Amino acid sequence: MLRARIARDGPLAFADFMAAALYEPGLGYYAHGTRQVGRGGDFFTSVSVGPVFGELLARRFLREWCEAGAPARWRIIECGAHDGTLAADVLTALAGLDARACEGLEYAICEPLPVLQAAQTDTLRRFAPQVRFVSDSATLAADPLPGIIFGNELLDALPCHLIEWRDGRWVERRVALDESGGFTWTTAKIREPALLAALAPLGGVFPDGYRSEIRTSYHEFLAPLARALSSGLMLWLDYGFERPDYYHPGRSEGTLRTFTKHRAGDNPLADPGSMDLTAHVDFTALAEAARALGGRQAVFRSQGAWLTGIARDWLLEMEGRPQAAALRQFQTLTHPAHLGGSFQVMEFTWCATRPPAARPDL
Ligand SMILES: C[S@@+](CC[C@H](N)C(=O)[O-])C[C@H]1O[C@@H](n2cnc3c(N)ncnc32)[C@H](O)[C@@H]1O
């Protein structure tokens, strides 16, 4: 499919190659099933650590519900819910914390891939009818509710363009075919307006041959989600940097990685569909896209600091009845040398009646 497309249309933007390699029905890495995450898969996430992650998220969501005046109907939207494990952890914790909050809660999972939606349905059978599945978040915009939108390790899986600084300007790295029909790299002049606009704030002092990646899709991804909430919170947990760190001249090879069997690799063209492809999140670009849609950035912290902040009551409860396994999970999630330091959390407050900030040139 990819080879035929390149043979027909010429070299492919890496964002299109990555979209097919991860999501194309029948080919994509995530379109095969749910074996990717966990010990027997290719990588761990905070969800793999155990249910404490969901328990702490549930406490943050509940605080938001209380601060919003305990609305009779509210909604949590999870994006990139994989096999539904995190949703189950959050819903279990919420049921134990506040039965009244659960009564009016709709937990919506936005999942475009049928194979993952089937797995989520299976995992979450015991929570039906509280859980709603949509393949497109625009469906929820017909009935906006107060609530929360969140995703763990989703933004790093959004396709990105690859760029290279050559002779004082950016060129795009594209995927071509070599003489034997294998995938190879080529570079091309950048013409796409959205990509040119995204590159503008990066400035222009880079070593020759400097490589990185950039996404043009944050706004497009957030826009339908934003319409699904009348007010509330957007919350993204992922690895990444603010723009000055992301495009630091010293980071000359970018952050694009492959993952297979818990090993990182650096050849994304090898065997598309067989391994995860991921690149860090530019949290400055994310914040600009959210602001343009009416979001207001409230928090940007390491996962460790953020989780510790919301875990106060949980830790006090633990003092009374310490559970070694739960405390070990908390330590893995928050320790600066573990997930607490490598992941960041960005929160936005949301209000549908608030006018958006001037949309940046995206
Ligand atoms: C690295 S996995 C994260 C899994 C899970 N959230 C966790 O923390 O274990 C990334 C997930 O994002 C999903 N994803 C990517 N683009 C998406 C989109 N536009 N809408 C919803 N999910 C998406 C992928 O299908 C994949 O399941």
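Heads up: the structure comes first, above all this text.
Residues numbered from 1 in each chain as written. Predicted model: local features only at pLDDT ≥ 70, side-chain atom pairs only at ≥ 80, totals over all residues. Heavy atoms only, no water.

Q: What should I look at first to understand the overall build of the protein in this one?
A: Secondary structure assignment for the protein yields 15 helices and 17 strands. For the protein, whose C-alpha radius of gyration is 21 Å, the value lies close to the compact-globule estimate of 21 Å for 362 residues. Each of the three principal axes of the protein carries a C-alpha extent, and together these read 65 × 45 × 40 Å. Expressed as a percentage of its 362 residues, the buried residues of the protein come to 52%. (Helix = DSSP H or I, 4+ residues; strand = E, 2+ residues; numbered from the N terminus. Rg over C-alpha atoms; globule rule 2.2 N^0.38 Å. Buried < 20%, exposed > 50% of the residue type's maximum accessible area, 1.4 Å probe, protein only.)

Q: Is there a simple way to explain the site of the ligand in this structure?
A: Around the ligand, the surrounding shell holds 16 residues, and the nearest of these are Tyr23, Thr45, Gly80, Asn152 and Leu154. A distance of 2.6 Å is found between a nitrogen atom of the ligand and a backbone nitrogen or oxygen belonging to Gly80. The side chain of Asn152 places a nitrogen or oxygen atom 2.7 Å from an oxygen atom of the ligand. Within the complex, the protein chains bury 92% of what would otherwise be the 600 Å² of accessible surface of the ligand. The pocket occupied by the ligand, as judged from atoms lying within 2 Å of grid points, is the largest pocket. (Near = heavy atom within 4 Å. Polar contact = N/O pair within 3.5 Å; in protein donor to acceptor, adjacent residues only side chain to side chain. Areas by Shrake-Rupley, 256 points an atom, 1.4 Å probe, with all protein chains shown as cover. 1 Å grid on protein atoms, 1.4 Å probe; cavity = no way out; pocket = protein on both sides within 12 Å on 5 of 7 lines; lining within 4 Å. Sits in = over half its atoms within 2 Å of the grid points.)

Q: Is there a simple way to explain the layout of surface pockets in this structure?
A: To find leftover empty space, a probe the size of one water molecule is rolled over the atoms. If you add up the space inside the largest pocket, you get close to 1100 Å³. Where the lining of the largest pocket is concerned, the elements lending two or more residues are α2 (14-23), α3 (46-49), β2 (74-79), α5 (85-97) and α9 (218-226). With four residues, the single largest contributor to the lining of the largest pocket is α9. Among the residues forming the lining of the largest pocket, the class breakdown is 22 nonpolar, 13 polar and eight charged. (Points joined across faces, edges and corners; volume = space filled by probe spheres on them. Nonpolar A, V, L, I, M, F, W, Y, C, P; charged D, E, K, R; others polar.)

Q: Please explain the pairing of strand β7 (residues 169-177) as it appears in this structure.
A: Along any regular strand, the residues point their side chains to alternate faces of the sheet. Sheet topology note: the strand β1 (residues 12-13)/β7 ladder contains two bridges and is antiparallel. Counterpart to Leu12 in the pairing with β7 is Val175. Looking at chain direction, strand β6 (residues 161-166) and β7 are connected through five bridges and run antiparallel. Bridged to Ile163 within β7 is Glu172. The loop that links β6 with its antiparallel partner β7 comprises two residues; one of these, Asp167, has a positive phi angle of about 50°. Taken together, the seven bridges between β7 and strand β8 (residues 183-189) define a ladder with antiparallel strand orientation. (Pairing = 2+ DSSP bridges.)

Q: How do you make sense of unusual backbone geometry when you look at a structure like this?
A: Comment: phi is negative for the bulk of residues other than glycine, and the bulk of peptide bonds are trans. Cis geometry marks the peptide bond from Ala128 to Pro129; its omega dihedral reads 5°. In this structure, Pro129 sits in the loop between α7 (114-123) and β4 (131-134). Backbone geometry places Ala70, a non-glycine residue, at a positive phi of 50°. Residue position: Ala70 is located in the loop between α4 (52-67) and β2. By relative accessible area, which is 24% here, Ala70 ends up partly exposed. The phi dihedral of His82 falls on the positive side, at around 50°, and the residue is not glycine.

Q: It is not clear to me how the state of the cysteines should be interpreted in this structure. Could you clarify?
A: Cysteine pairs can be covalently joined through their sulfur atoms, and such a bond is termed a disulfide. Taken as a whole and assessed by the stated rule, the structure comprises zero disulfides. The cysteine Cys66 is free of any disulfide, with Cys102 supplying the nearest cysteine sulfur at 12 Å. With no disulfide of its own, Cys110 lies closest to Cys79 among cysteine sulfurs, the gap being 4.8 Å. Residue Cys110 is classed as buried on the basis of its relative accessible area, which comes to 11%. (Disulfide = S-S within 2.5 Å.)

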